[in-house]
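Observations on chain architecture
This is what each chain is made of:
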Amino acid sequence: MLFLRKCSLLFPVLSGLLLWGAFPGGGDLWPMLFVALIPLLCSAHLSHQSLRRTALHGLIFGLVHFLLLLYWIVIVLETFGGLPWLAASLVLCLLSIYLGAYFALYAIAARYILRGFTPLLSLWTLPALWVGLDWLRGYLFTGFPWMDIGYALYKHTLLIQIADLAGHHGITFVVVFVNVLLYLILQKKRTSSCYAGLLLSALVLLGSSGLYSSERLFEVQLKLNERSLQKITLGIVQGNVNQSLKWSESQQQATVENYSGLTKSLFTYDKPSMVIWPETALPFYPQSNNHMLSLQKMVVEQGFSLLTGAPWYEIIDPKAKKVQFFNSAFLLKADGSYGGRYSKTHLVPFGEYVPLKKFLPFIAPLVVSVGDFSTGKIERTIDLEVARVGVLICFESVFPDLSRQWVLAGANVLVNLTNDAWYGWSSAPQQSLAMTVLRAVETRRSLARSANTGISAFISPAGSVIQSSDLFVPWAAVNEMVLCEEQTVWVRFGYLFGPLCVVIGFVAGGIAWLLRER
């Protein structure tokens, strides 16, 4: 017993390592997703453990998972934020402890559920509890829903089609369900009726999910081939501009020439209606910079519209010299005039503003280097011909509700402008792409992604990556994208699956606690 108690600390560590091995940028061995959580469930269920030790196991799992998943934060804060390595590592540790606390709570609730509920009830409530905590993590304190489990299946188009019903949380539910199922089956002293109930539940959920996914994928792909569907030809340019030189005033002309040259190369074989440049591709304010003249001349000569990212300012009070700054995307139309504009609504903490800076004095160097941007609103799409474009700037592709808001606003195509140069050669660009793919499936919208240093991509409404770039290379490509008008189940009401799981998970945990106490 003492040996098992000492070794039990290895269980959550093993789960964290297995999960990392299954994730993009880790081992990318996706089948391990379906067994990675079994050691964690085992440690939560151990009969000899105290409640405090159970919580510690959940926290250890969260620490291992997030330290491996988010190691690139140290690179960002040290290289571009000006923090010493030790301070940057401390920020990562504090963030991982906060995120790991959700898993400490999960371990405690799982302990009561596994001990107080029947195996059949545990099978359904434990995945709901997991999804509910994922949803909370995506909303509390502005939210940080980076790489929930379901995203790790983004390359396997057949396995992610249920996202148009319940979002990426639905995929996470199925993955956790399989883990719980295998754990319960491996337990001893199960009656034949118990095994029958577990297997029947598995047949119902996995069978219906598999049947829906295969039928839905066939239906979507068939629809995308219809000639009656409206389409637009889009171009993507990846400038591969060095982040350390990007904001130097002496490099502005070189940056504009770089993007302009790559854009003109697109017209050798194709003529895109709109060309997309990345987030802050223009490292200056368009309203007051002479470089805009050459861009206006280019779009008029080539006859296309340009959607690009750029900083923007608005003078609120000229007398008081009060100005608001935005991280924006705007359309430069084919006649050289300005079209629609969108300003980022969900800013990056420690990137575009510094939260809690009064209480974290050791990040003073970062405060100096971070911008103080204002938030925009999702109101009107950026329209071009028959296309109504919804724009997700950088970090916004992580939040599913923003793409949903764009569809409700009328968007029939989505565009993601981003600058992933901050992440270097880490796994973050691949993970960022993974989350963006699910935005296309949830909304059934074509999605074009333009990233400064990659990964840029064209993504179909079925979630397949049609064409993508490598990292840290100049790249330009053209593709014809379909314009879809349907509102998926997820857009209409399936987005409530996450909040519903919060209610189910916490009610189940409370009932299990009461039963155990009695």
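Below is a short write-up of the structure.

Criteria and cut-off values
Residues numbered from 1 in each chain as written. Predicted model: local features only at pLDDT ≥ 70, side-chain atom pairs only at ≥ 80, totals over all residues. Heavy atoms only, no water. Helix = DSSP H or I, 4+ residues; strand = E, 2+ residues; numbered from the N terminus. Rg over C-alpha atoms; globule rule 2.2 N^0.38 Å. Buried < 20%, exposed > 50% of the residue type's maximum accessible area, 1.4 Å probe, protein only. Contact = heavy atoms within 4.5 Å. Areas by Shrake-Rupley, 256 points an atom, 1.4 Å probe, with all protein chains shown as cover. 1 Å grid on protein atoms, 1.4 Å probe; cavity = no way out; pocket = protein on both sides within 12 Å on 5 of 7 lines; lining within 4 Å. Points joined across faces, edges and corners; volume = space filled by probe spheres on them. Nonpolar A, V, L, I, M, F, W, Y, C, P; charged D, E, K, R; others polar. Expected span 1.5 Å × (residues − 1). Pairing = 2+ DSSP bridges. Axes fitted to C-alpha atoms, helices over the stretch in contact; angles between N-to-C directions. Parallel < 35°, antiparallel > 145°, perpendicular 65-115°, else oblique. Left-handed = near helix turned anticlockwise from the far one by under 90°. Phe/Tyr/Trp six-rings, centres within 6.5 Å; stacked < 30°, edge-to-face > 60°. Lys NZ or Arg CZ within 6 Å of the ring centre and 35° of its normal. Polar contact = N/O pair within 3.5 Å; in protein donor to acceptor, adjacent residues only side chain to side chain.

As for the overall build of the chain
A count of helical and extended segments in the chain gives 16 helices and 12 strands. Over its C-alpha trace the chain gives a radius of gyration of 24 Å, about what one expects of a compact globule, namely 24 Å for 518 residues. Taken along the three principal axes of its C-alpha coordinates, the chain extends 75 × 60 × 40 Å. Counting all 518 residues of the chain, 56% fall into the buried class. In the chain, the proportion of contacts linking residues at least 24 apart, taken out of those at least 6 apart, comes to 73%. When the accessible surface of the chain is summed, it comes to about 21700 Å², and 63% of that surface belongs to carbon and sulfur atoms.

Focus on empty space enclosed by the protein
For the structure on display, the rule yields 4 cavities of 30 Å³ or more. One number sums up the size of the largest cavity: a volume of about 50 Å³. What lines the largest cavity is simply Val220, Lys223, Leu224, Arg444, Pro461, Cys484 and Glu486. Residue composition of the lining of the largest cavity, by class: 4 nonpolar, no polar and 3 charged. As a volume, the second largest cavity reaches approximately 40 Å³.

Concerning helix H7 (residues 119-137)
For H7, built from 19 residues, the straight-helix expectation of 27 Å at 1.5 Å per residue is met to within 8% by its first-to-last C-alpha distance of 27 Å. By the criterion of burial, H7 is predominantly enclosed, with 15 of the 19 residues buried.

Structural notes on the sheet that holds strand E4 (residues 322-332)
Ordered in space as E5-E4-E3-E2-E1-E12, the 6 strands form an open sheet in which the pairing is mixed. Pairing within the sheet leaves two strands with one partner each, and these edge strands are strand E5 (338-343) and strand E12 (475-482). In this sheet, neighbouring strand axes are inclined to one another by 40° on average, regardless of whether the strands run parallel or antiparallel. As paired elements, strand E2 (residues 274-276) and strand E3 (residues 305-317) share 3 bridges and run parallel to each other. When the bridges of E3 are listed, Ile276 appears paired with Leu307. Packed onto the sheet, helix H11 (residues 291-302) meets E3, E4 and E5 and runs at close to 20° relative to E4.

Some points on the packing of helix H2 (residues 10-22) against helix H3 (residues 38-45)
Packing of H2 against H3 leaves a shortest axis separation of 7 Å and a crossing angle of 160°. Between H2 and H3, the crossing angle belongs to the class labelled roughly antiparallel. Like other packed secondary-structure pairs, H2 and H3 cross with a definite hand, here left-handed. Here H2 contributes Phe11, Pro12, Leu14, Ser15 and Leu18 to the contact with H3, which in turn contributes Ile38, Pro39, Leu40, Cys42 and Ser43. Tallied by class, residues from the contact of H2 with H3 come to 8 nonpolar, 2 polar and no charged.

Comments concerning the packing of helix H8 (residues 163-186) against helix H14 (residues 428-443)
Two elements in contact, H8 and H14, have axes whose closest approach is 8 Å; the angle formed by their N-to-C orientations is 150°. Relative to H14, the element H8 is oriented roughly antiparallel. Of H14, the residues touching H8 (which contributes Ala163, Asp164, Gly167, His168 and Ile171) are Leu438, Arg439, Val441 and Glu442.

Quick look at the packing of aromatic side chains
A full pass over the atoms with the stated rule returns 29 aromatic pairs. Note on Trp146 and Tyr423: the rings are 6.3 Å apart at their centroids and 70° apart in plane angle, and the pair reads as edge-to-face. Highlighted residues: Trp146 in the loop between H7 and H8 and Tyr423 in the loop between strand E8 (413-418) and H14, separated in sequence by 277 residues. Each member of the pair, Trp146 as well as Tyr423, carries the same accessibility label: buried. Pairwise contacts between aromatic rings join Trp72, Phe144, Trp146, Phe395, Phe399 and Tyr423 into one cluster. Over the ring of Phe326 we find Arg341; its NZ or CZ atom is 6.0 Å from the centre of that ring. Positioned above the aromatic ring of Tyr495, the side-chain terminus of Arg404 is 3.5 Å from the ring centre.

Details of the layout of surface pockets
Empty space left among the atoms is revealed by rolling a probe the size of a water molecule over them. Quantified by volume, the second largest pocket comes out at close to 350 Å³. What lines the second largest pocket is a set of 26 residues, and nearest its centre among them are Trp135, Gly138, Tyr139, Pro400 and Asp401. Going through the elements one at a time, H7, H8, helix H13 (400-408) and helix H16 (497-517) are the ones with two or more residues in the lining of the second largest pocket. Broken down by class, the residue content of the lining of the second largest pocket amounts to 12 nonpolar, 10 polar and 4 charged.

Concerning the side chain of Thr263
By secondary structure assignment, the location of Thr263 is in helix H10 (residues 252-265). Looking at Thr263, the relative accessible area reads 0%, which means it is buried. At a separation of 2.7 Å, a polar atom in the side chain of Thr263 contacts the main-chain carbonyl oxygen of Tyr259. Residues in contact with Thr263, not counting those within four places in the same chain, are Val237, Val275, Trp277, Met298 and Phe304.

What about the environment of Lys189?
As for its placement among the helices and strands, Lys189 is situated in the loop between H8 and helix H9 (192-224). A residue is classified by how much of its surface remains accessible, and Lys189, at 84% relative accessible area, is exposed. As a C-alpha pair, Lys189 and Pro474 span 285 residues in sequence and 61 Å in three-dimensional space.

Here's the deal with the pairing of strand E11 (residues 465-468)
Pairing geometry for strand E10 (residues 457-459) and E11, over 3 bridges, is antiparallel. By the bridge assignment, Phe458 is partnered in E11 with Gln467. Two successive antiparallel strands, E10 and E11, enclose a turn made up of 5 residues, where Gly463 displays a positive phi of approximately 95°.

Some points on unusual backbone geometry
Note: most peptide bonds trans; most residues except glycine with negative phi. The amide bond that connects Gly454 to the next residue, Ile455, takes the cis arrangement and shows omega of 10°. Note on placement: Ile455 falls in the loop between strand E9 (447-451) and E10. Backbone geometry places Thr142, a non-glycine residue, at a positive phi of 75°. Take Thr142: it is sitting in the loop between H7 and H8. In this structure Thr142 comes out as partly exposed when scored by relative accessible area, which is 39%. Phi is positive for Asn240, which is not a glycine, with a value near 55°.

Note that all results are geometric; they support no functional claim without further evidence.
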